[in-house]
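# A closer look at the structure
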Amino acid sequence: MSIPDYMQCAEDHQTVLVVVQPVGIVPEDQFFRIYKRIASVRQLSVRDSQRLLFIRYRHHYLPENNEWGDFQTHRKVVGLIAVTTCSSSRDWPHTADRFHAQKEVYSSTLYDSRLLVFGLQGEIAEQSRPDMVFYPSFEECSDVERRVEDFVESIFIVLESKRLDRATDKSGDKIPLLCVPFEKKDFVGLDTDSRHYKKRSQGRMRKHVGDLCLQAGMLQDALVHYHMAVELLRAVNDFLWLGGALEGLCSASVIFHYPGGTAGKAAGCKPSVCQPVDAGKRHRPGALTASGISADTSAEIGRAKNCLSPEDIIEKYKEAISYYGKHKNAGVIELEACVKAVRVLAIQKRAREASEFLQNAVYINLGQLSEEEKIQRYSILSELYELIGFHRKSAFFKRVAAMQCVAPTISEPGWRACYKLLLETLPGYSLSLDPKDFSKGTHRGWAAVQMRLLHELVYASRRMGNPALSVRHLSFLLQTMLDFLSDQEKKEVTQSLENYTSKCPGGMEIITLPDGLTLPPVPFTKLPIVRSVKLLNLPVSLQPHKLKGVLEGNLSNASPFIYSPILMQSRGEERCKKIDFQWVQGDVCEVQLMVYNPMPYELRVENMGLLTSGVEFESLPAALFLPAESGLYPVTLVGVPRTAGNITVNGYHTSVFGVSSDCLLEDLVGVKASGCLVEVIPSLPRLQLSTSLPRSTHSSQATSKEELPSSVSVQLFNGELQQLTITLENIGSIDIETLELTSKNSNKDKMFGEFLSWDLEEAVRHLPLKPGQAVTLSVSIRVKLDFSGQENLLQDLNDDGISVTGWPISSPLRQVLKPRPESKPLGSESGKAEYSHVKSLEAVLKFKYSGGAGKVEGYYRELSLGVHVNVEPSLFFTRVSTLPATSTRQCHLLLDIFNPTEHELTVSAKNNQDLVLHASECQR
């Protein structure tokens, strides 16, 4: 034997072997459908007996293995069932000849045979033949199972007769010496009358009878014969057959201890419909059970010396395997014995000892094996290691089998088989093709081995001619093993990925393999790494505001409050998730991401945009160029909501190295998000403002908490009037239906009259303001401030050496020209206000406007304009002096008055005539 049966187990020793083969041309699907029905008769209760006969079916069996039938009778083909098709009587002779030729192959061991003929009708089919059954078609064959049962019964009759014939002690007859195929030439010329030869013959025959008893369902007799054979064969050092006797003893003991079987299936097969109804019931004392052992005395037999204990079974297996190892031609027998022992140890939960048997099986030399036989051998070793829980060892041998599929000696490498086997090794190396299993932060398994396996998957898929699979596996390698790749490996992997994606771009579709396995998409959540996500509010000028009346109305119409802890919890989660500002339909909205480039070179990210749900959203993709190991880098993604409602920002999409990725926020590790749900209100109009005065760069203290989109600045003299022309243009797509204007003045100085005044009626008459239209509004700026009382005249006169008593009078120019006294602090705010002759005024104009569907919902917008005015006094007293008194009741002051303005001023003095000052004129 050169080809082992890796599926053998200990309970197979009690089965009889039946070969089912097609003869002539038989459709494959029809043959295997009939084969399945035949193989359903796995065991049969023999009539007038409580014994069971177990059958093992094969549709392919090498004749050379049949030659070992004397050594182990379960290897002997005792039954043949041939399946054929014959449509006419003209073809029948040729079909019959083929059947007889098929029988000749196994003629030396056959007990009985059957030919199932499908399609032949007429006189030939009506003739009664014991070894042939005729059916009109494959569909009209309802009694196939019954015919097989009759066939198995005939096999049992022959088996029982052979057992009785061999078991009968014929002292006068010479016992024939049973041999294995390679022994026949060694026994030529031996003395057949020697005591040694007779003992060997007796021992081998006892072992053979034990096999027959085990097949015939007589377990107790089989145990007795095996023990006798062991004693006889040990005495003559017949090691090969001694090993066979020990293995038979182990098999019988396994069948007794483990009636459920060791092959992973109940009793190795499904009970047949022909099993007696009372087979599971207790029999009368002394009656034989299905295993040939008295039911009432089974406990004593289990303790008897004939049946091995579970521990002794393994020891005897070791001894038998050691005897097999002495013969190089018994490698197949030795290997199969190791497999059987491993299955028993798996039932006993003794994994370490089982691994020793498997390790021995690895080094058994079976000669020159074909590549297919090597693949089968490594695959079975992998399955057995998996059976005992050695998952990594199992994966190792499965990977060896995969590499054997594409060995250089194979003319047509099986890359598909290689790929399939490599996929089966993934669990053993703690590797999954689902990237979500690697998003939990903890890595399991050896990264170096996992990367090697992923590279092999990439190469195998490429050789299969499936570039999409190569891209998927290479993307998975880069995403999950990024932390374990060196800088050079990162460059090599990304270069390979770009080469693959240039021919077949990667995407987010699920790849389904021919065997039904699905490969989930691999989003690049680490290229780049996102650390935080923040939804940004609209600019101040575009932020929507809710009318107070609408808010109060909504509150008044609200439903009654009903307490529920479940509702409160859900509302709390909703509040934590929802943003407290609104976006507007049709306006550009922004989301800020803080990203990091972990690659050792510049990372090019293309087509980066937002993934949303809830409303129709137009994402405006962006392209990024992140420096090598950039650190946190802010990126703003924008888009336009096209409908109103609640929008959820689920993540973002990118295109990196030719692979498109949809990265969800829930899959990102360690990401700080301030919320991802925001309300989108209906569209609102947009207003643009331009003025006749120059823009100001002045930063207003009064509006430091409010961002003004624009402001103007002007310098006026006290009492001067300035006109500010404001042009309002509708730059949106919705009509402006309402327009209001208010001002906010935050000045502390005392003012006379209104600072800002306007007439809005003319502008309102142009409403509604269509898109693209503009309206002009004039705002008057008038400043009247009190500059008196800033400085005590008496102090000024004292500075000139004049001692007088008088009244307050304003002298701003003197304050500027004259140095400050040393006693006044330079940096104090009071000093600045006291000595500065220029005063500043600030105000904010707010335009409230609304229109469209947003107006219906009660929303409006505000557009603010800051007004900054520097005010100077309109008169300067350039000189103040006293004149000699003309009487004791009068005091005279001499004043130099300068008009700094560009227009004529009239100065009224009390108890004196009015003085007219021309522009830029000084009078005394």
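Everything quoted here is computed from the prediction, not taken from an experiment. (Residues numbered from 1 in each chain as written. Predicted model: local features only at pLDDT ≥ 70, side-chain atom pairs only at ≥ 80, totals over all residues. Heavy atoms only, no water.)

### Let's talk about the overall build of the chain
In terms of regular secondary structure, the chain is built from 25 helices and 33 strands. Here the chain, with 924 residues, has 47% of them falling under the buried criterion. Sequence-distant contacts in the chain: of pairs separated by 6 or more residues, those separated by 24 or more amount to 73%. Of the accessible surface of the chain, which amounts to about 46700 Å², a share of 50% is contributed by carbon and sulfur atoms. (Helix = DSSP H or I, 4+ residues; strand = E, 2+ residues; numbered from the N terminus. Buried < 20%, exposed > 50% of the residue type's maximum accessible area, 1.4 Å probe, protein only. Contact = heavy atoms within 4.5 Å. Areas by Shrake-Rupley, 256 points an atom, 1.4 Å probe, with all protein chains shown as cover.)

### What to know about the side chain of asparagine 66
One can find asparagine 66 in helix α2 (residues 63-66). Not counting residues up to four positions away in its chain, the partners in contact with asparagine 66 are Tyr61, Arg75, Lys76, Val77, Tyr106, Ser108 and Thr109.

### A few points about the sheet that holds strand β14 (residues 617-620)
The sheet built from five strands is open, its strands ordered β14-β16-β12-β9-β19 with mixed pairing. Every interior strand has two partners, whereas the edge strands, β14 and β19 (672-673), have only one. (Pairing = 2+ DSSP bridges.)

### Side note on the packing of helix α17 (residues 467-480) against helix α18 (residues 487-501)
As a packed pair, α17 and α18 sit with axes 10 Å apart at the nearest point and diverge in direction by 155°. With respect to α18, the element α17 is oriented roughly antiparallel. Here α17 runs over α18; the crossing is left-handed. Here Ser470, Val471, Leu474, Ser475, Leu477 and Leu478 of α17 come into contact with α18, specifically with Val493, Thr494, Ser496, Leu497, Tyr500 and Thr501. Of the residues in the contact of α17 with α18, the class split is seven nonpolar, five polar and no charged. (Axes fitted to C-alpha atoms, helices over the stretch in contact; angles between N-to-C directions. Parallel < 35°, antiparallel > 145°, perpendicular 65-115°, else oblique. Left-handed = near helix turned anticlockwise from the far one by under 90°. Nonpolar A, V, L, I, M, F, W, Y, C, P; charged D, E, K, R; others polar.)

### As for the sheet that holds strand β5 (residues 112-118)
Reading across the sheet, the six strands line up as β2-β3-β1-β4-β5-β6 and stay open at both edges, with mixed pairing between neighbours. In this open sheet, the two edge strands, each paired with only one partner strand, are β2 (43-45) and β6 (132-135). Sheet twist, expressed as the average angle between the axes of neighbouring strands with direction ignored, equals 25°. Strands β1 (15-23), β3 (52-58), β4 (77-85) and β5 of the sheet are contacted by helix α1 (residues 28-39), whose axis makes an angle of about 160° with β1.

### With respect to helix α12 (residues 351-362)
Between the first and last C-alpha of α12 there are 16 Å, a value that for 12 residues agrees with the 16 Å anticipated at 1.5 Å per step. Every buried residue of α12 is accounted for by Ala354, Ser355, Phe357, Leu358 and Ala361. Around the axis of α12, the buried residues are gathered within 160° of arc, so they sit on the same side. (Expected span 1.5 Å × (residues − 1). Arc of directions from axis to C-beta.)

### Structural notes on the nonpolar core
Core analysis: the biggest nonpolar cluster contains 83 residues, and Tyr419, Leu478, Leu527, Trp583 and Leu593 have the highest contact counts within it. For this core, the element with the highest residue contribution is helix α16 (residues 447-463), accounting for seven residues. Taken domain by domain, this core gets at least three of its residues from each of domain 3 (430-522) and domain 4 (530-547 + 577-681). When near neighbours in sequence (up to four residues on either side) are disregarded, leucine 478 contacts Leu485, Val493, Thr494, Leu497, Phe524, Leu527 and Phe657. By size, the runner-up hydrophobic cluster in this structure holds 64 residues, among which are Trp68, Ala245, Ile255 and Leu308. (Core = buried A, V, L, I, M, F, W, Y, C linked by side-chain atoms within 4.5 Å. Domains from an automatic or database assignment.)

### Some thoughts on the pattern of salt bridges
Pairs can form between side chains of opposite charge once their charged atoms are near each other. Per the counting criterion, the structure on display carries 29 salt bridges. Taking the shortest distance from any N to any O, the salt bridge between glutamate 145 and arginine 37 comes out at 3.0 Å. You can see glutamate 145 sitting in helix α5 (residues 144-167) and its partner arginine 37 sitting in helix α1, a full 108 residues away along the chain. Given the relative accessible area of 23%, arginine 37 is considered partly exposed. (Salt bridge = Lys/Arg side-chain N within 4 Å of Asp/Glu carboxyl O.)

### Regarding the packing of helix α8 (residues 239-257) against helix α10 (residues 310-324)
Where α8 contacts α10, the axes come no closer than 8 Å and their chain directions differ by 155°. Classified by the interaxial angle, the pair formed by α8 and α10 is roughly antiparallel. For the pair α8 and α10, the crossing hand works out as left-handed. Packed against α8, whose contacting residues are Phe239, Leu240, Leu242, Gly243, Gly244, Leu246, Glu247, Cys250, Ser251, Ser253, Val254 and His257, the element α10 presents Pro310, Ile313, Lys316, Tyr317, Glu319, Ala320, Tyr323 and Tyr324 at the interface. Partitioning the contact of α8 with α10 into residue classes produces 12 nonpolar, five polar and three charged.

### Some details on the confidence of the model for the chain
The predicted model of the chain has a mean per-residue pLDDT of 81, with 78% of residues at 70 or higher. Overall, residues 265-304 carries pLDDT values under 50, and its contacts beyond four positions in sequence, including any with other chains, amount to 64 contacts. Counting interchain partners and residues more than four positions distant, the pLDDT-below-50 stretch residues 566-576 has three contacts. (pLDDT = per-residue confidence, 0-100.)

### Quick word on the packing of aromatic side chains
Here the distance between the centres and the angle between the planes together describe a pair of aromatic rings. Enumeration over the complete set of coordinates arrives at 17 aromatic pairs. Ring centres of phenylalanine 32 and tyrosine 35 lie 6.3 Å apart, and the angle between their planes is 75°; this geometry places the pair in the edge-to-face category. You can see phenylalanine 32 and its partner tyrosine 35 sitting in helix α1, three residues apart, about one turn around the helix. Note on phenylalanine 32: relative accessible area 35%, which makes it partly exposed. Pairwise contacts between aromatic rings join Trp68, Phe71, Phe182, Trp241 and Tyr324 into one cluster. Directly above the aromatic system of phenylalanine 71 lies the positively charged group of lysine 207, at a separation of 4.9 Å from the ring centroid. When the ring centre of phenylalanine 239 is taken as reference, the NZ or CZ atom of lysine 326 above it lies at 5.2 Å. (Phe/Tyr/Trp six-rings, centres within 6.5 Å; stacked < 30°, edge-to-face > 60°. Lys NZ or Arg CZ within 6 Å of the ring centre and 35° of its normal.)

### A word on the pairing of strand β17 (residues 645-656)
Regular strands place side chains that alternate from one sheet face to the opposite one. Counted residue by residue, β17 has nine buried out of 12 residues, so it is predominantly covered. Relative to β17, strand β13 (residues 603-613) is paired through six bridges, and the arrangement is antiparallel. Each bridged residue has a counterpart across the sheet, and for leucine 611 the counterpart in β17 is glycine 651. Sheet topology places β17 next to strand β20 (residues 677-681); four bridges connect them, and they run antiparallel. Looking at β20, one finds that threonine 648 is bridged to leucine 677. Connecting β17 to the antiparallel partner strand β18 (residues 659-664) that follows it, the hairpin turn spans two residues, and phenylalanine 657 within it adopts a positive phi of roughly 55°.

### Looking at the environment of threonine 85
Tracing the sequence through the fold places threonine 85 in strand β4. For threonine 85, a relative accessible area of 27% puts it in the partly exposed group. Each C-alpha atom of the pair threonine 85 and glycine 119 lies 5.9 Å from the other, and the pair is 34 residues apart in sequence. When residues no more than four places from it in sequence are discounted, the contact partners of threonine 85 are Val23, Ile25, Val26, Pro27, Phe118 and Phe138.

### What about unusual backbone geometry?
Going from leucine 527 to proline 528, the amide bond is cis rather than trans, its omega being -5°. Within the fold, proline 528 resides in the loop between β8 (518-519) and β9 (529-535). Here the phi dihedral of asparagine 607 falls at roughly 55°; this positive angle occurs in a residue that is not glycine. Locating asparagine 607 in the fold gives a position in strand β13. Taking relative accessible area as the criterion, asparagine 607 reaches 40% and is therefore assigned partly exposed.

### A few points about the pairing of β9
Judged from the six bridges that link them, β9 and strand β12 (residues 589-596) form a sheet pairing that is antiparallel. The residue bridging valine 530 from the neighbouring strand is valine 595, located in β12. In this sheet, β19 lies alongside β9 in parallel orientation, the contact comprising two bridges. By the bridge assignment for β19, serine 532 is matched with lysine 672.

### Some thoughts on α5
Between the first and last C-alpha of α5 there are 34 Å, a value that for 24 residues agrees with the 34 Å anticipated at 1.5 Å per step. Of all the positions in α5, only Val144, Val148, Glu149, Phe151, Val152, Glu153, Ser154, Ile155, Phe156, Leu159, Glu160 and Arg163 are classed as buried.

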